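The primary structure of each chain is shown beneath.
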Amino acid sequence: MTDIKINTPVGGASYKGNAPFKDSIKFGAACLITFGAGYIFFLYSQKYNSKKKIDKYRAITGIKEDLDNNHTENKIKVIETENKAKIDFDNAHTDNEIRVIKAKNVAKIDFDNAHTDNEIRVINAESAAKIKETESILEKKQAYNLQKIELRRSKSNLPEPQLSLREWNKEFHKRYGTPNYSGIPFLNEILNCCPQEYKDAMMFSLLPEFGAMVFSRVRAKFINGSMQSPNIMTVIEGVSGSGKSNFRDMHKLLFQHIIDAECKKLSNDEKGSIIQFIGINISASQFIEMLARNRGVHMYIMEQEIDTAKDAFKKDGWLASSTIRKAFDNDIEYQNKKGESAKGGFQVYLNATFAGTPGAINSLFKNKEKENGTARRFCFTVAPELGAKSPVFKWLAGEKLERIKKQIDEWRSLYCYHHAPMNGDVPCDEFTIDLNYINVALEKWCEQQYDRYKVDGIEERNNMRNGIAGIAFHCAIVLHMMAGNPSKKEKGKRNAVKNLTVYIANYCMERYLTKFSSSGGIRPQSSNDTFAGYEHPNAKNIRKMTLEEAKYWYSLRGTVDEQGKK
């Protein structure tokens with residue numbers, strides 16, 4: 001009997017028996033089953049053990065991963081902390097560097113600014129010193145040039161420098177306005193034929209002529225109580241080509257018929273005839289004879305070329321500038337030469353209108369004529385310089401002209417002289433008018449001129465105010481008569497005469513001061529004119545010559561003026 005035992009991890013198998021083959025098959029099957037079961041169990045246990053190992057590995061791996069992750073995170077945190085600390089440190093270091101750089105830049109800028117300021121101060125100081133030195137040199141040169149001008153003027157007796165005609169006219173009207181002539185209809189009708197800029201000069205041209213030819217025998221009591229005649233002398237100042245011939249044309253238009261009548265009387269040698277129009281080229285003896293012949297009736301001279309008057313005054317035995325001075329106050333001219341028909345003393349009744357260029361007028365009215373009083377007896381007026389267009393005169397004609405000429409003739413027969421068939425020409429009786437309202441206005445004007453003199457210190461303004469008031473008063477006699485000898489009730493016409501008289505006083509004063517003042521109160525304001533290119537010696541602000549003026553004067557090198565001078 002066979003006894004077999006087999007032990008396996010999952011159990012055991014045993015065999016006991018007597019049949020070995022059959023039993024061995026059974027035993028083998030049992031062994032196989034047992035082995036298979038054991039193998040399966042082994043496999044299962046291996047698998048289970050492997051799973052456990054895997055789970056354990058996974059657990060270990062997970063722990064390790066967690067540990068690694070934690071370590072990595074900690075490391076990252078440490079790195080981040082270190083980086084942040086480094087960044088903060090770098091930032092702090094950068095901020096410090098920036099602050100240091102800024103501080104250095106600010107310090108450098110401050111230094112540069114301070115250095116620049118110092119340089120600027122040095123440059124400014126040097127510039128100021130140079131400017132001061134230049135100004136000193138210019139002042140010395142200017143003083144030297146002015147001394148040369150004064151020396152040349154003293155030798156040639158030239159009058160003081162003056163504004164250009166255009167600029168003076170502009171400045172005067174800016175200050176005093178434009179007069180209203182409409183209040184004196186007769187004068188206004190004549191002046192309306194002139195362009196606006198010619199009206200002042202035309203009025204000053206007509207006043208001496210009407211004073212002599214129309215209202216010669218009219219008298220009025222002045223402020224000082226003396227009886228005055230319409231004694232008026234006018235000088236019209238205008239550059240070449242300014243239309244001075246228009247004043248002669250007006251003269252002929254209004255008085256040519258009277259001139260023709262006088263020429264006829266002279267040709268017929270009519271006894272007792274009164275002759276009013278005379279030329280400047282008249283001898284002193286002939287002039288005395290005319291004074292005796294006219295018996296207190298004015299004579300009148302109109303001379304378009306004042307150089308002719310200058311030449312006449314130079315001739316011995318001819319009309320002298322002293323005669324002009326006597327005419328203003330009707331002083332007496334004497335003649336006691338043998339052989340002369342008219343002997344004795346005769347009051348001078350003479351009005352005149354002269355015209356000429358500024359150079360010619362300055363040549364006549366030298367310092368001598370200013371000092372002896374000839375200049376102060378004249379009304380100096382300005383003829384406007386031509387602009388882009390020539391002036392257009394709408395001359396009187398037809399019925400209007402005839403009506404004005406008729407009025408002139410009527411007034412002449414009442415206030416000048418008339419013709420008597422048996423006795424010839426007979427002077428009218430003196431006709432006295434009341435101009436007290438003019439005296440009141442002129443007294444006020446004289447006070448205002450004195451107040452202005454206290455401000456501007458112009459000696460001539462103070463010295464000339466009464467003389468200029470006398471000129472204006474003589475003009476007022478003519479204006480009052482042109483207005484129709486208005487009564488006290490005709491306030492409108494009287495106001496027109498008064499306002500125009502005060503305007504004339506201002507005009508004559510300012511023009512005289514401009515031409516003859518030596519007090520330094522009158523000086524150019526902003527002249528761009530090439531005439532009168534030098535300014536008053538006492539002027540504080542010396543105007544620089546413009547490029548246009550320099551070109552103009554440069555182009556005149558070597559040429560000669562109207563006097564033949566270079």
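The coordinates are above.
The shown structure was predicted, so the numbers you read here are calculated from the model rather than taken from an experiment.

1. Brief notes about the overall build of the protein
So, point 1. Helix and strand counts for the protein stand at 15 helices and 13 strands.
So, point 2. When burial is assessed residue by residue, the protein has 41% of its 566 residues classed as buried.
So, point 3. If you take every contact in the protein between residues at least 6 apart in sequence, the share linking residues at least 24 apart comes to 72%.
So, point 4. Summing over all exposed atoms, the protein offers an accessible surface of approximately 32000 Å²; the carbon and sulfur share of this is 54%.

2. Considering the pairing of strand β6 (residues 299–303)
So, point 1. Of all 5 residues in β6, 5 are buried; the element is thus mostly enclosed.
So, point 2. Of the two faces of β6, the one carrying Met299, Ile301 and Glu303 and the one carrying Tyr300 and Met302 are both buried.
So, point 3. The pairing of β6 with strand β9 (residues 350–356) spans 5 bridges and is classified as parallel. Bridge pairing in β9 places Tyr300 opposite Asn351.

3. A look at the pattern of salt bridges
So, point 1. Following the criterion strictly, the structure yields 14 salt bridges and no others.
So, point 2. The partner of Glu430 in a salt bridge is Arg219, and the shortest N-O contact between them spans 3.4 Å. With a gap of 211 residues between them, Glu430 in the loop between β12 (424–427) and β13 (431–433) and Arg219 in strand β3 (residues 218–221) connect regions that are remote in the sequence.
So, point 3. Judged by relative accessible area, which is 47%, Glu430 ranks as partly exposed.
So, point 4. Residue class for Arg219 comes out buried when judged on its relative accessible area of 4%.

4. Regarding the sheet that holds β9
So, point 1. Ordered in space as β6-β9-β5-β10, the 4 strands form an open sheet in which the pairing is parallel. Because the sheet does not close on itself, it has two edges, and the strands there are β6 and β10 (379–382). The sheet shows a mean angle of 10 degrees between the axes of neighbouring strands, direction not considered.
So, point 2. Where strand β5 (residues 233–237) lies against β9, 5 bridges are found, and the strand directions are parallel. Among the inter-strand pairings, Glu237 is bridged to a residue of β9, identified as Gly356.

5. What about helix α6 (residues 284–294)?
So, point 1. Restricting attention to buried positions, one finds in α6 the residues Ser285, Phe287, Ile288, Met290, Leu291 and Asn294.
So, point 2. The elements touched by buried residues of α6 are β6, α8 (321–329), β7 (332–335), β8 (344–347), β9 and β12.
So, point 3. Phi turns positive one or two residues past the end of α6, at Arg295, with a value near 55 degrees.

6. Some points on the sheet that holds β3
So, point 1. Taken together, the 3 strands give an open sheet; going across it, the order is β4-β3-β13, and neighbouring strands pair in mixed fashion. The sheet is open, and its two borders are formed by β4 (227–228) and β13, each paired with just one other strand.
So, point 2. Pairing of β3 with β4 involves 2 bridges; the strand directions are antiparallel. Its bridge partner being in β4, Lys221 is matched across the sheet by Met227.
So, point 3. Sheet contacts for helix α13 (residues 459–482): β3, β4 and β13; angle to β3, the most-contacted strand, approximately 125 degrees.

Thresholds applied
- Residues numbered from 1 in each chain as written.
- Predicted model: local features only at pLDDT ≥ 70, side-chain atom pairs only at ≥ 80, totals over all residues.
- Heavy atoms only, no water.
- Helix = DSSP H or I, 4+ residues; strand = E, 2+ residues; numbered from the N terminus.
- Buried < 20%, exposed > 50% of the residue type's maximum accessible area, 1.4 Å probe, protein only.
- Contact = heavy atoms within 4.5 Å.
- Areas by Shrake-Rupley, 256 points an atom, 1.4 Å probe, with all protein chains shown as cover.
- Pairing = 2+ DSSP bridges.
- Salt bridge = Lys/Arg side-chain N within 4 Å of Asp/Glu carboxyl O.
- Axes fitted to C-alpha atoms, helices over the stretch in contact; angles between N-to-C directions.

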